Amino acid sequence: MYAVFKRELFSFLSSMVAYITIGIFLLVSGLLLWFFPDTSILEYGYAEMGGFFSLVPYLFMFLIPAITMRSFAEERREGTYELLITRPITLWQIIFAKFLASLVLVFFALIPTLVYYYSISKLGFPEANIDSGAVIGSYIGLFFLGAAFTAIGIFASSLTKNQVIAFVICAALCAFAFLGFDYTSQVAALGAIEGSITSLGINQHYTSMSRGVLDTRDLIYFISFAMFFLLLTKLTVGGKR
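Basis of the calculations
- Residues numbered from 1 in each chain as written.
- Predicted model: local features only at pLDDT ≥ 70, side-chain atom pairs only at ≥ 80, totals over all residues.
- Heavy atoms only, no water.
- Helix = DSSP H or I, 4+ residues; strand = E, 2+ residues; numbered from the N terminus.
- Buried < 20%, exposed > 50% of the residue type's maximum accessible area, 1.4 Å probe, protein only.
- Contact = heavy atoms within 4.5 Å.
- pLDDT = per-residue confidence, 0-100.
- Arc of directions from axis to C-beta.
- Axes fitted to C-alpha atoms, helices over the stretch in contact; angles between N-to-C directions.
- Parallel < 35°, antiparallel > 145°, perpendicular 65-115°, else oblique.
- Left-handed = near helix turned anticlockwise from the far one by under 90°.
- Nonpolar A, V, L, I, M, F, W, Y, C, P; charged D, E, K, R; others polar.
- Expected span 1.5 Å × (residues − 1).
- Bend = angle between axes of the 7 residues up to and from the residue.
- Salt bridge = Lys/Arg side-chain N within 4 Å of Asp/Glu carboxyl O.
- 1 Å grid on protein atoms, 1.4 Å probe; cavity = no way out; pocket = protein on both sides within 12 Å on 5 of 7 lines; lining within 4 Å.
- Points joined across faces, edges and corners; volume = space filled by probe spheres on them.

Turning our eyes to something else, we now look at the side chain of Gln163. Locating Gln163 in the fold gives a position in helix H10 (residues 163–185). The exposure class assigned to Gln163 is buried, which follows from its relative accessible area of 19%. Dropping the residues within four chain positions of it, Gln163 is found in contact with Met69, Arg70, Ala73, Glu74 and Arg77.

Let us look at the confidence of the model for the protein chain. Any segment with low pLDDT has predicted coordinates that should not be analysed in fine detail. Taken over all residues, the pLDDT of the protein chain has a mean of 82, while the share at 70 or more is 88%. When mean pLDDT is compared element by element in the protein chain, helix H7 (residues 91–110) scores highest at 89, while helix H3 (residues 41–44) scores lowest at 69.

This next bit is on helix H8 (residues 114–123). Every buried residue of H8 is accounted for by Tyr116, Ile120 and Ser121. Taken down its axis, H8 places every buried residue within 130° of arc, on the same side. Facing away from the buried surface of H8 by more than 90 degrees, the exposed residues are Val115 and Tyr118.

Interhelical geometry of helix H4 (residues 50–68) versus helix H9 (residues 132–158) gives an angle of 30° and a closest axis separation of 9 Å. With respect to their mutual orientation, H4 and H9 come out roughly parallel. Between H4 and H9 lies a crossing of right-handed hand. In this structure, H4 uses Phe52, Phe53, Val56, Pro57, Phe60, Met61, Ile64 and Thr68 to contact H9, whose residues at the interface are Val135, Ser138, Tyr139, Leu142, Leu145, Gly146, Phe149, Thr150, Gly153, Ile154 and Ser157. Classifying every residue of the contact of H4 with H9 gives 13 nonpolar, six polar and no charged.

If you check H4, its first and last C-alpha atoms are 27 Å apart, about what 19 residues at 1.5 Å a residue would give, namely 27 Å. Of all the bends in H4, the greatest measures close to 40° and is centred on Leu59.

What follows covers the pattern of salt bridges. Applying the stated criterion across every chain, the model contains two salt bridges. In this structure, Glu8 engages Arg7 in a salt bridge whose closest nitrogen and oxygen atoms are separated by 3.8 Å. With relative accessibility at 4%, the residue Glu8 sits in the buried group. According to the relative accessible area criterion, Arg7 is partly exposed, its value standing at 40%. As a salt-bridge pair, Glu8 and Lys98 come within 2.9 Å of each other at their nearest N and O atoms. Residue Glu8 is found in helix H1 (residues 2–13), and its partner Lys98 is found in helix H7; the two are separated by 90 residues along the sequence.

Reported here for the largest pocket is a volume of approximately 250 Å³. Every residue lining the largest pocket is counted, 17 residues in all, and those nearest its centre are Gly50, Phe53, Ser54, Ser138 and Ser210. Elements with a contribution of two residues or more to the lining of the largest pocket: H4, H9 and helix H12 (202–210). Grouping the amino acids of the lining of the largest pocket by side-chain chemistry returns eight nonpolar, six polar and three charged. Roughly 190 Å³ of volume is contained in the second largest pocket. What lines the second largest pocket is simply Val17, Ile20, Thr21, Ile24, Phe25, Val28, Leu59, Phe62, Leu63 and Ala66. Put simply, the parts of the chain that give the lining of the second largest pocket at least two residues each are helix H2 (16–34) and H4. Considering every element that reaches the lining of the second largest pocket, the biggest residue donor is H2, with six residues. Split into classes, the residues belonging to the lining of the second largest pocket amount to nine nonpolar, one polar and no charged.

Encoded structure:
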């Protein structure tokens, strides 16, 4: 499993795709946080990162599909998929290795954004006038959100050998998982079960963690969500095998 993980990670790092994708993510998040008037924290005037953490999930809907789209799709396109699955390694080990390699890249993309926290802390009056607990909770929430989207991306990549199609499927599923249940719950006929439908979506659990409160129910939700899509990936890959 470690060999597949290392191979997958270094194949990302040896290509320009990972650097360009992460670079665009950091550029867009920086522009939204500091320069665009409608979202700029300098215009907002308060030393807090709530605006940043509310914007990143939408950026993740494009960043993570770009990272995960090659996981299985490229293996099939290049003809190395058959070689991989005949190795003495289980399907779960292959899937988890690819999942963890992609998740490490998501983690790498988040590390430079700590500069935003440092800058806002220095700009606050008085200095360091920022809710660090909420920031830590939000970063943990972002990591779990990234894990959920990554699991979706691995599943989408297992469905096709075309990376563009895998990207589109992943982006659509991520958007629905984050927003779809909230919009569905607003249908008048579903008013009686609105709360239950909303709780199925990612947005409610991510918002809860962004307040700096780590509830075990939210953690269990994200872990179960990721495992569900990894299980779907196993069924898809196993069926084609």
